[in-house]
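Analysis of the macromolecular model
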Amino acid sequence: MAAAADAVERSGGGEGPREVLAYAQVCLVGDVGLRLIRGGGVTAPTEVQEHSFNTPYQLGHLGLLPGSDTAGMGLGYSLALAAGDVIIAGSDGLWDNVWDDQLEALVQQGLRDVWDNVWHRLEGLVAAGLRHLPPSAAAWDAAAAARLARSVAEVAAGQAADSNFRSPWAVELAERMPQVNFGGGGADLEGVCAVQPIMQSISEVAAGQADDSNCRSPWAVELAGRMPQAVDSNIKSPWVVELAERVPQAQGLMSRLFGPRGGKPDDITVVVALVA
């Protein structure tokens, strides 16, 4: 992460060099995380500290739990901040259920909604003859950050409870514990097809199941029996290796399209700061 922070400090982030307004000194322990978003993109993701998979560092009272982790074990970060940066910190319930590109989209949409509201209220003040002074810029920033934090938390909570969502947690679980055939909170690709109403025609049922990636069709079962490698997401086939080499960004996309499913119900804490 130090290298990532240095890179942000040197380059100024996704939109080229910017004037550094301040430096944020951060120390994180365990699976809490932070994202610095600049120019609409994540530029500085932090790392997770784990003793083993799903066993993050935990702070505790050393007098009661002598083996507890301590704040001194945390990872320190120094981030150069520029005007327009957005900092989002959160608990593991956020990062286990929201992808970085989703977070980028939420930030962009959230800021657009906030500024639309700002202009709407300013128009109202002007129409009222400015009998009341508009709030300060700091007040606008606080309102924007609060709204953005709530919207991010709501999306994380919704996806955590969605057994069909291919969450970061489910994908990591499949990679690190391939013997487990389910995502954090839901079924995997071999979910049983829903029974269609008996009045529906056979052709409609067949057409629907042909387009349903969750349907365990006779074709899928036979394919698994005759060509098990074709449906084994844990095998690095020549096609997958070549795809990763030629289109590196496709690796994450493939995991989200074809990986296991399920969010991870957990505590979700979101903190947002806007740099003005």
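Residues numbered from 1 in each chain as written. Predicted model: local features only at pLDDT ≥ 70, side-chain atom pairs only at ≥ 80, totals over all residues. Heavy atoms only, no water.

Some thoughts on the sheet that holds strand S3 (residues 41-42)
Strand order in the open sheet made by the four strands is S3-S2-S7-S8, with antiparallel pairing throughout. Either end of the sheet is taken by a strand with one partner, and the two such strands are S3 and strand S8 (270-274). By the bridge criterion, two bridges tie strand S2 (residues 33-38) to S3 in an arrangement that is antiparallel. Paired with Arg 38 across the two strands is Gly 41, which belongs to S3. (Pairing = 2+ DSSP bridges. Helix = DSSP H or I, 4+ residues; strand = E, 2+ residues; numbered from the N terminus.)

Remarks on the nonpolar core
In terms of nonpolar packing, the biggest core is built from 16 residues, with Val 86, Ile 88, Leu 94, Leu 103, Val 152, Val 270 and Val 272 touching the most fellow members. For this core, the secondary-structure elements that each account for two or more residues are strand S7 (86-90), helix H2 (92-95), helix H3 (100-127), helix H4 (137-160) and S8. Ranked by size, the runner-up nonpolar core spans 11 residues in total, among them Leu 28, Ala 44, Tyr 77 and Leu 79. (Core = buried A, V, L, I, M, F, W, Y, C linked by side-chain atoms within 4.5 Å. Buried < 20%, exposed > 50% of the residue type's maximum accessible area, 1.4 Å probe, protein only.)

Here's the deal with the pattern of salt bridges
One pass over the structure, following the stated rule, counts seven salt bridges. Note that Arg 176 and Glu 50 form a salt bridge whose closest N and O atoms lie 2.9 Å from each other. Here Arg 176 is found in helix H5 (residues 168-176), whereas its partner Glu 50 is found in strand S4 (residues 50-52), with 126 residues between them in sequence. Taking the shortest distance from any N to any O, the salt bridge between Asp 266 and Lys 264 comes out at 3.7 Å. Asp 266 sits in the partly exposed class, given a relative accessible area of 32%. Among the charged side chains, a network of salt bridges with common partners joins Asp 92, Asp 96, Lys 264 and Asp 266. (Salt bridge = Lys/Arg side-chain N within 4 Å of Asp/Glu carboxyl O.)

Topic: the layout of surface pockets
Of the voids in this model, the second largest pocket is the one considered here, and its volume is about 580 Å³. As for the second largest pocket, its lining consists of 24 residues, and the residues nearest its centre are Val 48, Trp 95, Asp 96, Pro 168 and Glu 172. When residues of the lining of the second largest pocket are traced back to their parent elements, those giving at least two are S2, H2 and H5. Broken down by element, the lining of the second largest pocket gets its largest block of residues, five residues, from H5. (1 Å grid on protein atoms, 1.4 Å probe; cavity = no way out; pocket = protein on both sides within 12 Å on 5 of 7 lines; lining within 4 Å. Points joined across faces, edges and corners; volume = space filled by probe spheres on them.)

A word on the pairing of S2
Within S2, six of the six residues are buried, which leaves it mostly tucked inside the rest of the structure. A two-sided burial pattern is seen for S2, the buried positions comprising Gly 33, Arg 35 and Ile 37 on one face and Leu 34, Leu 36 and Arg 38 on the other. Judged from the five bridges that link them, S2 and S7 form a sheet pairing that is antiparallel. The residue of S7 that forms the bridge with Ile 37 is Val 86. Hairpin remark: S2 followed by S3, antiparallel, with two residues in the connecting loop; positive phi at Gly 39, about 60°.

Considerations on the packing of aromatic side chains
In this structure the tally under the stated criterion is one aromatic pair. Between Phe 53 and Trp 169, the aromatic rings sit 5.5 Å apart at their centres with planes inclined by 15°, giving stacked as the arrangement. Here Phe 53 is found in the loop between S4 and strand S5 (55-56), whereas its partner Trp 169 is found in helix H5, with 116 residues between them in sequence. Across the pair, Trp 169 and Phe 53 agree in class, each one buried. Across the ring face of Trp 95, the terminal group of Arg 35 is positioned such that the distance to the ring centre comes to 4.2 Å. Above the plane of the ring of Trp 169 lies Lys 264, whose end atom (NZ or CZ) is 4.4 Å from the centre. (Phe/Tyr/Trp six-rings, centres within 6.5 Å; stacked < 30°, edge-to-face > 60°. Lys NZ or Arg CZ within 6 Å of the ring centre and 35° of its normal.)

Concerning unusual backbone geometry
Phi angles above zero are rare outside glycine, and Asn 54 is one such case at about 65°. Residue position: Asn 54 is located in the loop between S4 and S5.

Points about the confidence of the model for the protein
Per-residue pLDDT for the protein averages 73, and the proportion of residues at 70 or more is 54%. This model gives residues 1-15 a pLDDT under 50, and the stretch forms 28 contacts once residues within four places in sequence are excluded. pLDDT under 50 marks residues 182-203. Its contacts with residues more than four places away, or in other chains, come to 39 contacts. (pLDDT = per-residue confidence, 0-100. Contact = heavy atoms within 4.5 Å.)

Focus: the environment of Gly 39
Looking at the element boundaries, Gly 39 is found in the loop between S2 and S3. Looking at Gly 39, the relative accessible area reads 43%, which means it is partly exposed. Distance from Gly 39 to Val 86, taken between C-alpha atoms, is 9.2 Å for residues 47 residues apart in sequence.

Some points on the environment of Asp 113
Within the secondary structure, Asp 113 is located in helix H3. For the pair Asp 113 and Arg 147, spaced 34 residues apart in sequence, the C-alpha separation works out to 9.3 Å.

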